[in-house]
Each structure stands twice: as C-alpha cells, then as structure tokens.
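Structural features, examined
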Amino acid sequence: MTQPLTIPPLRYRLRAAIAQLRTPASTPARPAPAASIAITAELHAAHLHGDTITVRTRGGHTLPTTTVTTVGSRYTVLTTEPGERVILPLRFIESVQRHTRTTTEEPA
C-alpha cells in the first residue's frame, strides 16, 4: 500500500519531533502578556513571604488556601491544606489573591 504524497516520510516527521524536543524549555513560544507577568510576580512574592493564596483558574475553579512551593517559567506547584501538591500551568491562572499573615503584638 502506498501513502499519499501529502504525508511526509517518517524520517522527516522524526527529525521534526527531535528538533522540537531539543529546543530549550526556558524560552517561551510567545511573549507573556502583562497579566501573566503580574500573576507570576504575585506568586513569587507569596512564595518568598510564605503567604497562603487563593487561585482562580480560567475555567472558574478556585483553589482556596494553598501555598506556593515553586514557580517556574510556565507552571507553578501549589500545596493544598491536606498536603497535596498541584502542578498548574501559568496560562490557566486567571487571578491570585494573597492572604498575608498578620501579627498581633501585645503592647509592652
């Protein structure tokens, strides 16, 4: 059985797949919009200060009271209250709300 001329030979498809795998993952395919940069900055700040956050995704789901474990160039790892870890791509995050810790000191 012969293949139609519109399907490239297997060696060309393999070369394209290998070339795609060899490209560095740190370089995004397109520049991030300003909202994505603000969300990434907010996640970094919450990670540095150890604050809990509430994340709302583009589908309308919410992840209440999570902590930020790591923030990558394309994803973040969140830890929920029961100790479960969630890997969430940054492009799926619509908003981040930080819950800063307040310290109550008694007057001396």
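Model, not experiment: these values are computed from the prediction.

Check the secondary structure of the protein chain and you find 2 helices and 5 strands. Overall, the protein chain shows an N-to-C arrangement of helices and strands of α-α-β-β-β-β-β. Scored against the burial criterion, the 108 residues of the protein chain give a buried share of 21%. Of the contacts made within the protein chain by residues no fewer than 6 positions apart, 47% connect residues no fewer than 24 positions apart. Surface exposure of the protein chain reaches about 8700 Å², of which carbon and sulfur atoms provide 58%.

Another aspect to go through is the confidence of the model for the protein chain. For the protein chain, mean pLDDT is 81; residues scoring 70 or higher make up 76% of the total. The least confident element of the protein chain is helix α1 (residues 10-22), whose mean pLDDT is 80; the most confident is strand β3 (residues 75-79), at 94.

The tendency in soluble globular proteins is for nonpolar side chains to be buried as a group. In this structure, Ile39, Leu43, Ala46, Ile53, Val55, Val68, Val71, Leu78, Leu88, Leu90, Ile93 and Val96 together form the largest nonpolar core, which totals 12 residues. Contributions of two or more residues to this core are made by α2 (34-49), β1 (52-57), β2 (62-71) and β5 (93-99). Per element, the largest residue contribution to this core is 3 residues, and it comes from α2. In this structure Ile93 touches Ile39, Leu43, Val55, Arg56, Thr57, Arg58, Thr76 and Leu88, once residues within four positions along its chain are discounted.

Moving on to the side chain of Thr80. Mapped onto the elements, Thr80 comes out in the loop between β3 and β4 (85-89). Judged by relative accessible area, Thr80 falls into the buried class, the value being 16%. Not counting residues up to four positions away in its chain, the partners in contact with Thr80 are Thr65, Thr66 and Val86.

What follows deals with the pattern of salt bridges. In total, this model carries 3 salt bridges according to the counting rule given. A salt bridge links Glu42 to Arg98; its shortest N-O distance comes to 3.7 Å. With a gap of 56 residues between them, Glu42 in helix α2 and Arg98 in strand β5 connect regions that are remote in the sequence. The exposure class assigned to Glu42 is partly exposed, which follows from its relative accessible area of 28%. Taken together, the salt bridges that share partners define one network made up of Glu42, Asp51 and Arg98.

What counts and how
Sequence order sets the numbering: in each chain, residues are counted from 1 along the sequence as written. Local features in a predicted model are, by the rule used here, given only for residues with pLDDT of at least 70; side-chain atom pairs are given and counted only at 80 or more, and totals for whole chains, interfaces and linings are based on all residues. In computing side-chain properties, one takes all heavy atoms of the structure into account and sets aside hydrogens as well as water. Here a helix means four or more residues in a row that DSSP labels H or I, a strand means two or more in a row labelled E, and each is numbered from the N terminus. Throughout, exposure labels follow a simple rule: accessible area from a 1.4 Å probe, protein chains only, divided by the maximum for the residue type, with under 20% read as buried, over 50% as exposed, and the rest as partly exposed. We call two residues in contact whenever any of their non-hydrogen atoms come within 4.5 Å of each other. Note on areas: Shrake-Rupley with a 1.4 Å probe; residue coverage comes only from the protein chains shown. Each residue carries a pLDDT score, the predictor's confidence in it, ranging from 0 to 100. Residues belong to one nonpolar core when they are buried, are Ala, Val, Leu, Ile, Met, Phe, Trp, Tyr or Cys, and are joined through side-chain atoms within 4.5 Å. Salt bridges, as used here, are contacts in which a Lys or Arg side-chain nitrogen is within 4 Å of a carboxyl oxygen on Asp or Glu.

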